[in-house]
Amino acid sequence: MSFVRKGERYFRMESDLTLESSLWVENKRYRAVLTGWHFRWTELDKKNRDKRTISVPVSEVVGVEEGRVEILPQKSVEDTDKDFTVFYVKRCSNGGSHGLLWRLGRTQFSCLSRVLRDQWTKHLKAALKTHSPLRPKRLLVFINPFGGKKKGREIYHSLVSPLFELAGISSHVIVTERANQARDHLLKKDLTGFNGVVCVGGDGMFSEILHGLIGRTQQEAGLCEDDPTVTLQPCPLHIGIIPAGSTDCVCFATVGVIDPVTSALHIIIGDSQPLDVCSVHQTSALVRYSVSLLGYGFYGDVLAESEKHRWMGPLRYDYSGTVVYLSNRSYAGVVQYLPADPVLSSPRDRTRCLAGCSVCSRSTERLFPNSSDSGSLYSSYHSQYNNDSEGEWVSVEGRFRCVSLTCMSSSNPRSPLGLSPSAHLADGTGDLILVWDTHPLGFLKFLYRHTSSQDQFDLPFVEVHRVKAVRFSLPPDKEEDSFAEREGQSNDEERGYTDTASRNGSQQHLAEKGAAREPTKRQKTANSFLCGVCCSKAPAVSVWNCDGEILPSTEILSRVHGQLVRLYARGIEDGAAVQDYREESDKRERSCYGTSLN
Ligand SMILES: Nc1ncnc2c1ncn2[C@@H]1O[C@H](COP(=O)(O)OP(=O)(O)OP(=O)(O)O)[C@@H](O)[C@H]1O
Ligand SMILES: CCCCCCCCCCCCC/C=C/[C@@H](O)[C@H](CO)NC(=O)CCCCC
Ligand SMILES: [Ca+2]
């Protein structure tokens, strides 16, 4: 430890990264301390009995500038030689809902001397380098100018680019001129020097980036994406999502809010959230990848219907949802699945995957057993299939309202807890949700529960399984020309739950779930009303909705690839948990977390 005399005051340096001295903020004197992990300042006013401390984790410092600096509404620098400005992440409440909004906090400090100022800026910058190894230096940014409300360019240039500049990140920006341009660029062009890829757009644009990066990584590793048994190579580049689409489900489910500034700050500080990805194959050829929804039946039909009403914008999903619901369809199918280890977690354990999730961390340890530091993460990737004994496939057959597979919760503003509230972002499994054919009011109840915290799986015609892989096929009599049939013809089968039990090849299964029981009089009335509204002829097959794209195949095999990509995110921060942390540290040292309680 050394004490350095400067003027009449002392400041203390314990090592290269720690520093302590008096600093002034708006004429008030503070005791400021930089330890390895935190930068804290406490007011030294005798009347300040509470000793309020502002504490910012070094990993959440966005930038350190000499002088008195503002960046909003535009950058201005008052170049005084005893001052410096620290920018950092500041959390704001999000109206009580999950997920916290992040904003740029800024404090301008004054020192007694220029030497001391230089010490502070030097130490803070060095601490940043040491504690944030994944901060990007150079990013490749794709903007979809037509996504959502067509505000992608404006959002990037007014809200995101100034923050990147402040953080010293250089970016190469490409405004796309056609669909799949970003994917093709990532597949073919030189990506040397980039730490990550940022997509400004919605789920469709994210999917392009996902396909481009996964494809490029496998090409370079000499792996065949078509083979569902191959252990794919995780992508070395991180993906950042700046939400600017009409549906931003991946952003919502991984950050907790749909907010460009919050997402930009996660990118800047180099947050890293691994994400499971499902590969979807048809007869040994890769069809697509999915992260949020691989859905047959209701969700496929809604997407197909919504394509006819694109002019309605995001409202088309509500409209199409109503039309499809009223058409009261169910589909025959054979679903086979490979259960995940039930000891690790369950889709009905009522836990939530939040920032720092222990289930996902254990999965990281299993997948990357020899990596103590994130730099060597990919070199030690553990094969998911060759070392595990695969386990036994389970098969069920019957009529379904919908069959859905999601490898994350897929929470979104429409459904704040998502399709599977206890699913994990990075545990190497997906949740298979089977909704057996049922009466219309039952299905409405199932859908409605997605909008509240009521358990949508606690219904007799719904089951959920945590799985590693899923196969879907048509029952033997429906195998031929399924896609053509959907497109052109229809069969004469009548719909409705009353015939479910007799047609079901899985009687025992249904009996267990109670779906085969006789309808009540009230249910019969509702059903006949709804069937009057719906079309009497419906196709025998549905389509697959794969993250908002219709798949060209009905019979598929899907496999979950644990942690195949990494996002600049950290999972959903629970407002209550951060509050608890704040109160804890308040009790301990009367500090607050990244923001002043004043
Ligand atoms: N310049 C472009 N012109 C036309 N389409 C584009 C362009 N750039 C990207 N796309 C495509 O637009 C689709 C939708 O983009 P995005 O997800 O950003 O917006 P969205 O409004 O949420 O989309 P959706 O129409 O799926 O709701 C993506 O699948 C992407 O491939
Ligand atoms: C009576 C109230 C009924 C309310 C029903 C709420 C059910 C909401 C569940 C929403 C699940 C969305 C899952 C994510 C899907 C995305 O990968 C995909 C691409 O953006 N979106 C769609 O396919 C868009 C298709 C959206 C289908 C609804
Ligand atoms: Ca998962």
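Nothing here was measured: the structure is a model prediction, and the numbers come from that model. (Residues numbered from 1 in each chain as written. Chains lettered and ligands numbered in written order. Predicted model: local features only at pLDDT ≥ 70, side-chain atom pairs only at ≥ 80, totals over all residues. Heavy atoms only, no water.)

Peer 1: How should I be thinking about the overall build of the protein chain in this particular structure?
Peer 2: Per the secondary structure count, the protein chain includes 15 helices and 26 strands. Relative to its 598 residues, the protein chain shows a buried fraction of 57%. Across the protein chain, contacts joining residues at least 24 apart in sequence account for 74% of those joining residues at least 6 apart. Summed over its atoms, the accessible surface of the protein chain is roughly 26300 Å², and 50% of this surface lies on carbon and sulfur atoms. (Helix = DSSP H or I, 4+ residues; strand = E, 2+ residues; numbered from the N terminus. Buried < 20%, exposed > 50% of the residue type's maximum accessible area, 1.4 Å probe, protein only. Contact = heavy atoms within 4.5 Å. Areas by Shrake-Rupley, 256 points an atom, 1.4 Å probe, with all protein chains shown as cover.)

Peer 1: Help me understand the coordination of the calcium ion (ligand 3), please; the structure alone is not making it clear to me.
Peer 2: Geometry sets the ideal angles at a metal, namely 109.5 degrees for four tetrahedral donors and 90 or 180 degrees for six octahedral donors. Around the calcium ion (ligand 3), the protein contributes the donor atoms Asp276 (OD), Cys407 (O), His424 (O), Asp427 (OD) and Thr429 (O), which lie 2.3 to 2.5 Å from the metal centre. The sequence pattern formed by the donor residues of the calcium ion (ligand 3) is D-x130-C-x16-H-x2-D-x1-T. Within this pair, whereas Cys407 is found in the loop between strand E20 (394-406) and strand E21 (430-436), its partner His424 is found in the loop between E20 and E21, the two being separated by 17 residues in sequence. (Donors = N, O, S within 2.8 Å, 3.2 Å for Na, K, Ca; no water.)

Peer 1: Please explain the site of ligand 2 as it appears in this structure.
Peer 2: As a structural note, the neighbourhood of ligand 2 is formed by 15 residues, with Asp203, Thr247, Ser292, Asn545 and Asp547 the closest of them. Here an oxygen atom of ligand 2 and a side-chain polar atom of Thr247 are 3.0 Å apart. A distance of 2.9 Å separates an oxygen atom of ligand 2 from a polar atom in the side chain of Asn545. For ligand 2, whose accessible area on its own is 690 Å², the fraction buried by protein is 85%. Classifying every residue of the shell around ligand 2 by side-chain character gives six nonpolar, seven polar and two charged. Residue assignment places the shell around ligand 2 across two domains, with domain 2 (135-271) and domain 3 (277-372 + 393-563) each supplying three or more. (Near = heavy atom within 4 Å. Polar contact = N/O pair within 3.5 Å; in protein donor to acceptor, adjacent residues only side chain to side chain. Nonpolar A, V, L, I, M, F, W, Y, C, P; charged D, E, K, R; others polar. Domains from an automatic or database assignment.)

Peer 1: Whenever I open this one, the site of ligand 1 confuses me. Can you help?
Peer 2: In the vicinity of ligand 1 lie 22 residues, with Gly148, Thr176, Glu208, Ser246 and Arg310 positioned nearest. Gly202 is positioned with one of its backbone polar atoms (N or O) 2.8 Å from an oxygen atom of ligand 1. Within the side chain of Arg310, an N or O atom sits 2.4 Å from an oxygen atom of ligand 1. Broken down by secondary-structure element, the contributors of at least two residues to the shell around ligand 1 are helix H4 (203-221) and helix H8 (315-327). Looking at the shell around ligand 1, the element that brings in the most residues is H4, giving four residues. Here the residues of the shell around ligand 1 are counted per class, giving five nonpolar, eleven polar and six charged.

Peer 1: Would you mind going over the pattern of salt bridges with me for this structure?
Peer 2: Note that side chains of opposite charge can pair when their charged atoms are close. Within the structure shown, the criterion is met by 22 salt bridges. Across the salt bridge formed by Asp259 and Arg103, the nearest N and O atoms sit 2.8 Å from each other. With Asp259 in the loop between helix H5 (249-255) and helix H6 (260-268) and Arg103 in strand E11 (residues 101-110), this pair connects stretches of sequence that are 156 residues apart. Classification of Asp259 as buried rests on a relative accessible area of 9%. On the basis of relative accessible area, Arg103 is assigned to the partly exposed category, the value being 29%. Ionic contacts of the salt-bridge type, sharing partners, join the residues Glu60, Arg91, Asp271, Arg570 and Glu573 into one network. (Salt bridge = Lys/Arg side-chain N within 4 Å of Asp/Glu carboxyl O.)

Peer 1: Is there a simple way to think about the UniProt feature "domain: DAGKc" (unreviewed entry) in the protein chain in this case?
Peer 2: Here, the residues flagged by UniProt with the feature "domain: DAGKc" (unreviewed entry) are residues 134-284. For the annotated span residues 134-284, helix accounts for 38% and strand for 23% of the residues, and the straight-line distance between the end C-alpha atoms is 36 Å. (UniProt positions renumbered as here; feature names shortened; annotations may be inferred.)

Peer 1: Would you mind showing me how to read the environment of Cys407 here?
Peer 2: Note on Cys407: relative accessible area 1%, which makes it buried. Each C-alpha atom, one on Cys407 and one on Phe252, is 14 Å from the other, the two residues being 155 residues apart in sequence. Leave out the neighbours within four places in its chain, and Cys407 touches Asp276, Val277, Cys278, Ser290, Val291, His424, Leu425, Thr429, Gly430 and Val560.

Peer 1: Any chance you could explain the environment of Met408 here in plain terms?
Peer 2: Counting through the fold element by element, Met408 comes out in the loop between E20 and E21. For the pair Met408 and Asp81, spaced 327 residues apart in the sequence, the C-alpha separation amounts to 50 Å. Setting aside residues up to four positions removed in sequence, Met408 forms contacts with Val250, Ala253, Leu275, Val291, Ser292, Ala423, His424 and Leu425.

Peer 1: Is there a simple way to explain the pairing of strand E25 (residues 556-567) in this structure?
Peer 2: The side chains of a regular strand alternate, residue by residue, between the two faces of the sheet. Most of E25 is tucked away: twelve of the twelve residues are buried. Relative to E25, strand E16 (residues 273-282) runs antiparallel, the two sharing eight bridges. Within E25, the position partnered with Gln273 by the bridge is Leu567. (Pairing = 2+ DSSP bridges.)

Peer 1: I keep staring at the pairing of strand E4 (residues 28-34) and nothing clicks. Help me out?
Peer 2: Relative to E4, strand E3 (residues 19-25) runs antiparallel, the two sharing seven bridges. Paired with Leu19 across the strands is Leu34, a residue of E4. A loop of two residues connects E3 with E4, the two strands running antiparallel in sequence, and Glu26 in this loop sits at a positive phi of about 45°. Bridge count between E4 and strand E5 (residues 38-43): five bridges; the pairing is antiparallel. Opposite Arg31, over in E5, you have Thr42 as the bridge partner.

Peer 1: In this structure, what is going on with the packing of helix H2 (residues 152-166) against H6? I would like to understand it.
Peer 2: When two helices pack together, their arrangement is captured by the angle between the axes and the distance separating the axes. It is at 10 Å that the axes of H2 and H6 come closest, and there the two elements cross at 30°. On the basis of the axis angle, H2 is roughly parallel to H6. For the pair H2 and H6, the sense of crossing is right-handed. Residues Ile155, Leu159, Val160, Leu163 and Phe164 of H2 form the contact with H6, whose participating residues are Pro260, Val261, Ala264, Leu265, Ile267 and Ile268. Grouping the constituent residues of the contact of H2 with H6 by class yields eleven nonpolar, no polar and no charged. (Axes fitted to C-alpha atoms, helices over the stretch in contact; angles between N-to-C directions. Parallel < 35°, antiparallel > 145°, perpendicular 65-115°, else oblique. Left-handed = near helix turned anticlockwise from the far one by under 90°.)

Peer 1: Help me out: how do you make sense of the nonpolar core in this one?
Peer 2: The tendency in soluble globular proteins is for nonpolar side chains to be buried side by side. Core analysis: the largest hydrophobic core is formed by 45 residues, its most contacted members being Phe298, Val335, Val403, Leu432 and Phe446. Ignoring any residue separated from it by four or fewer positions in sequence, one finds Phe446 in contact with Cys402, Ile433, Val435, Gln456, Leu459, Phe461 and Val462. Counting 42 residues, the second-largest nonpolar core is a separate cluster that includes Val197, Ala253, Cys357 and Cys360. (Core = buried A, V, L, I, M, F, W, Y, C linked by side-chain atoms within 4.5 Å.)

Peer 1: What is the right way to read the packing of helix H7 (residues 298-307) against H8 from this model?
Peer 2: Contact geometry of H7 with H8 gives a least axis separation of 8 Å together with a crossing angle of 125°. Considering their axes alone, H7 and H8 lie oblique with respect to each other. Along this stretch, H7 crosses H8, giving a crossing that reads as right-handed. Only Arg316, Tyr317, Ser320, Gly321, Val323, Val324 and Tyr325 of H8 make contact with H7, whose side of the interface consists of Phe298, Asp301, Val302, Leu303, Glu305 and Ser306. Grouping the constituent residues of the contact of H7 with H8 by class yields seven nonpolar, three polar and three charged.

Peer 1: Hey, could you run me through the confidence of the model for the protein chain in this one?
Peer 2: Low pLDDT means the predicted atomic positions in that stretch should not be read closely. Averaged over every residue, the pLDDT of the protein chain is 84; the share at 70 or more is 78%. This model gives residues 373-379 a pLDDT under 50, and the stretch forms eleven contacts once residues within four places in sequence are excluded. In the model, residues 579-598 has pLDDT below 50 throughout and makes 40 contacts with residues more than four positions away in sequence or in other chains. Here the predicted complex carries an ipTM of 0.97, next to a pTM of 0.86. (pLDDT = per-residue confidence, 0-100.)

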